[in-house]
Amino acid sequence: MIDANALTIDHGRGGHAVRAVDGIGFCLEKGRSLAFIGPSGCGKTSILFAIAGLLSPSAGSVRVGGQPVTGPRREIALILQNAGLLPWKTVWQNANLSLLLAGEYPGHHAGPILDELGLGSVRDRFPAELSEGMKRRVGIARALSTAPEALLMDEPLASLDTLTRERIQDLFLTLWRERRFSLILVTHDIEEAAFLGQEIVVLTERPAKVKATVPNEEMGSLDYRQSEGFRRTAARLREVLEQ
Amino acid sequence: MKQIVTYATSLVILLVLWQAASLVVNAIYPSTPLPGPYQAFSQVVKNFQELQRHFLASAARLLVAMLISLALAVPLGLLIGHERTLDRFVSPMIYITYPIPQVAFILFLFLLFGTGNATKVAIVALVLFFQILVSAQGAARNLSPEHLTSVRSAGATRWQVYRHVVFPAALPSILTSVRVSIGMGMAFLYIAETTARLGTGLGMYIKSRMLVSRDSAFAGIVAMAILGLFLYVAIDVVEHILCRWKYTGSRSR
């Protein structure tokens with residue numbers, strides 16, 4: 001379980017501090033998915049970084065499995081906007097990086113997940129040689145290589161064309177259903193939030209506060225995009241965002 | 001193959017220009033003739049063994065100086081560039097000392113280390129040190145935040161951040177700075193070798209021949225050019241091996 005209580009994050013110190021997140025609370029049960037949606041630059045990423053242990057809250061708390069977050073932890077994986085691949089490492093080295101840093105490589109390696117994601121044949125390529133969609137899949141392979149309990153995603157599909165984006169959203173959904181990890185997604189894309197979030201938290205402009213929480217329990221199937229429920233959730237999100 | 005043709009063409013053009021310059025100088029200043037490529041290269045062949053000895057002495061000094069400056073400047077530059085507190089304290093020191101022409105220390109170094117190899121290596125290492133230090137520092141300061149977050153979120157230790165992000169990201173800049181400073185390093189080596197009264201090295205060879213046999217002095221200059229070219233190519237090869245990722249394009253889409 002991941003939960004936050006009155007989570008407040010300031011950037012900078014003293015008189016120069018700028019509030020990014022202002023008293024946010026949420027609770028995510030194991031295996032469920034939660035999406036944060038809000039305007040660009042509203043502080044969404046800061047929430048994710050606090051859960052990942054990369055930022056310390058100025059006030060309030062964020063806990064994973066009941067324990068306060070004090071730093072990055074193995075059971076939580078983060079996928080960044082542009083997949084966060086290191087250009088000087090091959091697909092194989094990038095996918096195995098988390099395992100290597102944790103001292104588990106080569107005993108464990110990302111071979112099976114690379115094969116599952118159709119990347120087995122490009123193991124020796126560098127990121128610059130891959131299409132954008134392939135880069136995102138390498139990022140997913142790296143994140144899932146450690147079999148995390150929770151996957152945090154920071155606008156993981158920004159700057160992708162519509163078809164590639166939908167294909168990778170489908171992949172996220174399939175992997176989430178198969179592997180039952182908890183999923184936290186940060187996005188500014190209404191349809192992405194409606195497709196991947198079981199519960200969607202709408203945030204205000206910076207500093208981010210909770211504007212509304214929209215339930216979306218019907219999600220979970222690949223054809224959800226064509227359903228009435230999806231359209232309803234998307235319309236509701238649009239309405240709240242425009243308020 | 002294409003590159004070899006380009007290099008060969010450039011070489012031919014250079015030789016033609018050199019020959020032309022030689023003809024012009026010899027016509028205007030007949031008492032101070034400028035040897036042409038043929039004279040210089042025939043002296044290279046004639047004095048091959050002696051040239052080889054001096055060539056190897058200079059090459060060894062340059063290589064040792066390069067290794068020493070790399071070993072000192074790379075870790076220091078990366079640390080200063082990446083650790084903000086250190087940057088604040090050490091950078092002003094670098095900015096104050098960097099513009100001092102290192103050659104100004106040459107006499108002091110001769111007094112300190114004597115006229116042997118140590119001084120010659122030290123002066124070249126000093127020049128290269130600052131060039132490499134400044135570029136390693138700059139590269140480590142301008143890392144992509146996403147690359148850092150990417151490894152930190154996976155729990156990387158400080159050492160792992162250096163090993164997987166800071167060093168590989170800065171390596172192309174470091175190698176470029178080495179390449180750029182080869183010319184300067186050779187110039188300083190020449191000064192160091194000619195400042196000593198005796199000894200080996202192409203600088204000494206050229207100096208001792210210039211007044212007595214100009215053709216063979218120019219053979220020494222040709223040898224210096226070959227040494228420089230050899231180092232350039234060597235660094236290119238090292239870069240192609242260590243920074244292979246820079247030379248891969250968008251092969252598949």
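(A) Summary view of the overall build of chain A. When helices and strands are tallied, chain A shows eight helices and 10 strands. The C-alpha atoms of chain A give a radius of gyration of 18 Å, which matches the 18 Å a tight globule of 243 residues would have. Counting all 243 residues of chain A, 46% fall into the buried class. At a minimum sequence separation of 6, the contacts of chain A that also span at least 24 residues come to 68%.

(B) Structural view of the packing of helix 3 (residues 48-82) of chain B against helix 6 (residues 117-141) of chain B. Residues and elements named next belong to chain B. Viewed as axis vectors pointing N to C, helix 3 and helix 6 meet at an angle of 30°, and their least axial separation amounts to 6 Å. Taken together, the axes of helix 3 and helix 6 are roughly parallel relative to one another. You can see that helix 3 and helix 6 cross each other, and the crossing is right-handed. Of the residues contributing to the contact of helix 3 with helix 6, the split by class is 22 nonpolar, seven polar and three charged.

(C) View of the interface of chain A and chain B. Taken residue by residue, the interface counts 19 residues in chain A and 20 residues in chain B. Looking at which element gives the most residues to the side of chain A that touches chain B, the answer is helix 3 (residues 97-101) of chain A, with three residues. In the side of chain A that touches chain B, the residues fall into 13 nonpolar, four polar and two charged.

(D) The domain arrangement of chain A, seen in detail. Residue and element names in this part refer to chain A. For chain A, the domain assignment lists domain 1 (2-75 + 151-242) and domain 2 (86-147). Placing the centre of domain 1 and that of domain 2 at their C-alpha centroids yields a distance of 24 Å. Each partner contributes residues to the interface: domain 1 has nine residues there, and domain 2 has seven residues. Looking at the side of domain 1 that touches domain 2 element by element, the count peaks at four residues for helix 6 (residues 162-179). Here the residues of the side of domain 1 that touches domain 2 sort into six nonpolar, one polar and two charged.

(E) The arrangement of helix 9 (residues 202-210) of chain B in detail. Those residues of helix 9 of chain B that sit buried are Leu-202, Gly-203, Met-204, Tyr-205 and Ile-206 of chain B. Residues of helix 9 of chain B that are buried sit in contact with helix 3, helix 8 (158-195) and helix 10 (214-242) of chain B.

(F) How the structure looks around the environment of Pro-72 of chain A. Along the polypeptide, Pro-72 of chain A turns up in the loop between strand 5 (67-68) and strand 6 (76-79). Considered as a pair, Pro-72 of chain A and Ala-52 of chain A are 20 residues apart in the sequence and their alpha carbons are 5.5 Å apart. Discounting residues that sit within four places of it in the chain, Pro-72 of chain A has contacts with Ala-52, Gly-53 and Leu-54 of chain A together with Arg-152, Ser-153, Ala-154 and Gly-155 of chain B.

(G) Local environment of unusual backbone geometry. All names here are of chain A. For the bond from Tyr-105 to Pro-106, the omega torsion is 5°, close enough to zero to count as cis. Geometrically, the link from Arg-206 to Pro-207 is a cis peptide bond, its omega value of -5° lying close to zero. The topology assignment puts Pro-207 in the loop between strand 9 (199-203) and strand 10 (210-215). Non-glycine residue Ala-83 carries a positive phi angle of around 75°.

Procedures and definitions
Residues numbered from 1 in each chain as written. Chains lettered and ligands numbered in written order. Predicted model: local features only at pLDDT ≥ 70, side-chain atom pairs only at ≥ 80, totals over all residues. Helix = DSSP H or I, 4+ residues; strand = E, 2+ residues; numbered from the N terminus. Rg over C-alpha atoms; globule rule 2.2 N^0.38 Å. Buried ≥ 20, exposed ≤ 12 C-beta atoms within 10 Å, placed from the backbone. Contact = placed C-beta atoms within 7 Å. Axes fitted to C-alpha atoms, helices over the stretch in contact; angles between N-to-C directions. Parallel < 35°, antiparallel > 145°, perpendicular 65-115°, else oblique. Left-handed = near helix turned anticlockwise from the far one by under 90°. Nonpolar A, V, L, I, M, F, W, Y, C, P; charged D, E, K, R; others polar. Domains from an automatic or database assignment.

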